[in-house]
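Per-entry structural report
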Amino acid sequence: MTQPLTVAVTGAAGSVCQSLLFRLAAGEPFGQRPIRLQLIERPEAMQVLRGLAMELEDCAFPLLESVTLHDSPETGFVDCDYALLVGAKPRSAGMQRIDLLKDNAEIFAKQGKALGQYAKPTVKVLVVGNPANTNALIAWANAERLSPSQLTVLMRLDHNRAKGFLSRKLGVSPQSVERLAVWGNHASTQFPDANHVHINGQPLRRGLDIDWYREIMIGEVQLRGEAVINVKGRTSAASAAQAIIDHLRDWMIGTSTGDFVSMGVFSHGEYGVAPGLFFSFPVTCRHGHVDIVEGLELDDFCKKMIRETEQELLRERQAVLSLLPEKSLARRGFTSLWGSLDCAE
Ligand code: NAD
Ligand code: LMR
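Residues numbered from 1 in each chain as written. Chains lettered and ligands numbered in written order. Predicted model: local features only at pLDDT ≥ 70, side-chain atom pairs only at ≥ 80, totals over all residues. Heavy atoms only, no water.

**Topic: the site of ligand 1**
Near ligand 1, the surroundings consist of 26 residues, among which Ser 15, Glu 41, Arg 42, Lys 89 and Asn 130 are the closest. Contact between ligand 1 and Glu 41: an oxygen atom at 2.5 Å from a side-chain N or O atom of the residue. Counting atoms within 2 Å of the grid points, the majority share of ligand 1 lands in the largest pocket. Of all the elements in the fold, those that place two or more residues in the shell around ligand 1 are helix 1 (15-25) and helix 4 (101-118). Here the residues of the shell around ligand 1 are counted per class, giving 12 nonpolar, 10 polar and 4 charged. (Near = heavy atom within 4 Å. Polar contact = N/O pair within 3.5 Å; in protein donor to acceptor, adjacent residues only side chain to side chain. 1 Å grid on protein atoms, 1.4 Å probe; cavity = no way out; pocket = protein on both sides within 12 Å on 5 of 7 lines; lining within 4 Å. Sits in = over half its atoms within 2 Å of the grid points. Helix = DSSP H or I, 4+ residues; strand = E, 2+ residues; numbered from the N terminus. Nonpolar A, V, L, I, M, F, W, Y, C, P; charged D, E, K, R; others polar.)

Here is the structure:
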């Protein structure tokens with residue numbers, strides 16, 4: 001009998017989870033493994049969560065072994081194999097994702113500590129709550145036992161958006177678009193990179209309308225989250241759930257041969273990006289292991305775009321130094337990544 005997977009999800013009563021939980025319970029991303037869901041919410045949202053749990057029961061999902069409800073990460077993360085950190089405040093019209101840092105950063109420091117203490121030592125953590133890249137850094141820095149390779153950041157919504165724009169422009173199926181990359185921060189500085197794309201296995205380079213790509217597509221992808229808020233009045237939810245399913249499936253089962261996807265992962269200096277950031281790179285996955293794609297050629301335009309989004313992440317890191325516990329990081333050999341700045345433990 002296949003061992004069940006224990007999946008902890010924060011923000012379980014929120015909008016993204018309204019779609020996500022039912023697809024997890026149906027076994028979509030995990031290769032039909034039995035699932036135990038540990039759903040975590042703020043105490044004031046537990047009533048809604050109880051209703052959602054009743055609906056999950058009413059679906060009689062064959063793979064769903066159990067659902068437990070928790071109002072603290074300390075109980076909710078116990079022995080989990082996967083932790084999906086969705087719970088955080090979303091932005092509203094007129095806000096940038098960085099504006100959420102002051103409200104959301106503490107959540108990830110607390111959850112990082114709990115993950116380090118209560119999750120399985122092999123736990124895989126996906127950070128979704130915004131600003132997701134810097135929240136991931138905070139969660140990892142506070143999770144004593146976790147290596148940075150155990151955390152990834154959701155960039156798949158941006159990746160799927162870019163794929164959608166390109167496939168609609170070219171009149172091809174999204175499935176035929178491969179080797180697309182989104183670099184950097186899940187923010188308006190992100191760099192959707194179509195320079196390496198293959199369509200049906202053939203390089204697109206000469207068939208790409210460079211003016212459209214640089215002047216229209218890049219900006220549309222960068223600002224798509226904001227455009228959805230302006231039209232719908234609320235942030236994306238179902239498309240985010242789809243992106244989480246895609247991300248988890250690739251992380252666990254593996255990416256398709258010859259293709260790559262975009263994930264926020266810990267930087268060690270790849271492509272000249274400063275070490276110690278959760279930065280989106282083109283990656284391949286195999287058996288749960290993520291590798292940054294090496295050797296892509298970057299022209300001056302790409303380098304400039306990557307530098308801009310890197311600089312934004314460096315500024316975000318600087319703004320949360322007080323939440324990156326210096327002594328604990330030094331014990332784990334990491335402080336040298338950003339020098340002995342003014343960190344407090
Ligand atoms: P929402 O407001 O509908 O739901 C958030 C839920 O999180 C609420 O139910 C709230 O009670 C809960 N929550 C808040 N603090 C919590 C905590 N400390 N522990 C447990 N639960 C907590 O928001 P949403 O639309 O579901 O979005 C959630 C987050 O995901 C937001 O920050 C949003 O910006 C982000 N998001 C990111 C992406 C991405 O691509 N990275 C995509 C969509 C949404
Ligand atoms: C998105 O990209 O749609 C989400 O990150 C929500 C937002 O604030 O834009």
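**Observations regarding the confidence of the model for the protein**
Low pLDDT marks regions whose predicted coordinates should not be analysed in detail. Residues of the protein with pLDDT of at least 70 account for 97%, and the chain-wide mean is 95. Under a pLDDT of 50 for its full length, residues 340-345 has, in the predicted model, 18 contacts with residues more than four places off or in other chains. (pLDDT = per-residue confidence, 0-100. Contact = heavy atoms within 4.5 Å.)

**Things to note about the pairing of strand 3 (residues 64-70)**
With 6 bridges joining them, strand 2 (residues 35-40) and strand 3 adopt parallel strand pairing. In the strand pairing of strand 3, Leu 39 is matched with Leu 69. (Pairing = 2+ DSSP bridges.)

**Focus: the environment of Leu 146**
Residue position: Leu 146 is located in the loop between helix 5 (132-142) and strand 6 (151-153). In this structure Leu 146 comes out as buried when scored by relative accessible area, which is 3%. Sequence separation of Leu 146 and Gly 116 is 30 residues, and the distance between their C-alpha atoms is 6.2 Å. Among residues more than four places away in sequence, those in contact with Leu 146 are Leu 115, Pro 121, Val 123, Val 125, Trp 140, Leu 151 and Arg 332. (Buried < 20%, exposed > 50% of the residue type's maximum accessible area, 1.4 Å probe, protein only.)

**Notes on the packing of helix 6 (residues 156-170) against helix 9 (residues 238-253)**
Across the interface, helix 6 lies against helix 9 with an axial gap of 8 Å and an inter-helix angle of 105°. It follows from the interaxial angle that helix 6 and helix 9 lie roughly perpendicular. Of the residues in helix 9, those touching helix 6 at Arg 156, Leu 157 and Asn 160 are Ser 239, Ala 240, Ala 243, Asp 246, His 247, Arg 249 and Asp 250. (Axes fitted to C-alpha atoms, helices over the stretch in contact; angles between N-to-C directions. Parallel < 35°, antiparallel > 145°, perpendicular 65-115°, else oblique.)

**Notes on the nonpolar core**
In this structure, Val 7, Val 9, Leu 20, Leu 21, Leu 24, Leu 37 and Leu 166 are the most contacted members of the largest nonpolar core, which totals 76 residues. Sorting elements by how many residues they give to this core places helix 9 first, with 8 residues. Those residues within four positions of Leu 20 in sequence are excluded, and the remaining contacts are Val 9, Leu 84, Val 86, Ala 241, Ile 244 and Ile 245. (Core = buried A, V, L, I, M, F, W, Y, C linked by side-chain atoms within 4.5 Å.)

**What to know about the pairing of strand 14 (residues 289-292)**
Examined bridge by bridge, strand 13 (residues 278-286) and strand 14 share 4 bridges and lie antiparallel to one another. Bridging from a neighbouring strand, Val 283 pairs with Ile 292 of strand 14. Between the end of strand 13 and the start of strand 14, which pair antiparallel, lie 2 residues, with His 287 showing a positive phi angle near 50°.

**Topic: the packing of helix 6 against helix 7 (residues 210-222)**
Put simply, helix 6 and helix 7 touch, their axes get as near as 9 Å, and they point 140° apart. Overall, the two elements helix 6 and helix 7 adopt an arrangement that is oblique. When the axes of helix 6 and helix 7 are compared, the crossing they make is right-handed. Counted together, Asp 158, Arg 161, Ala 162, Phe 165, Leu 166 and Lys 169 of helix 6 and Trp 212, Met 217, Glu 220 and Val 221 of helix 7 form the full contact between these two elements. Broken down by class, the residue content of the contact of helix 6 with helix 7 amounts to 6 nonpolar, no polar and 4 charged. (Left-handed = near helix turned anticlockwise from the far one by under 90°.)

**Section: the layout of surface pockets**
Its boundaries defined by the atoms lining it, the largest pocket holds a volume of some 1000 Å³. Val 86, Gly 87, Ala 88, Lys 89 and Pro 90 are the residues nearest the centre of the largest pocket, which is lined by 44 residues in total. Broken down by element, the lining of the largest pocket gets its largest block of residues, 5 residues, from helix 4. Lining of the second largest pocket is provided by 19 residues; of these, Ser 149, Val 265, His 289, Val 290 and Asp 291 occupy positions nearest its centre. Broken down by secondary-structure element, the contributors of at least two residues to the lining of the second largest pocket are strand 6, strand 12 (261-266) and strand 14. Ranked by the residues each element gives to the lining of the second largest pocket, the list is headed by strand 14, at 4 residues. (Points joined across faces, edges and corners; volume = space filled by probe spheres on them.)

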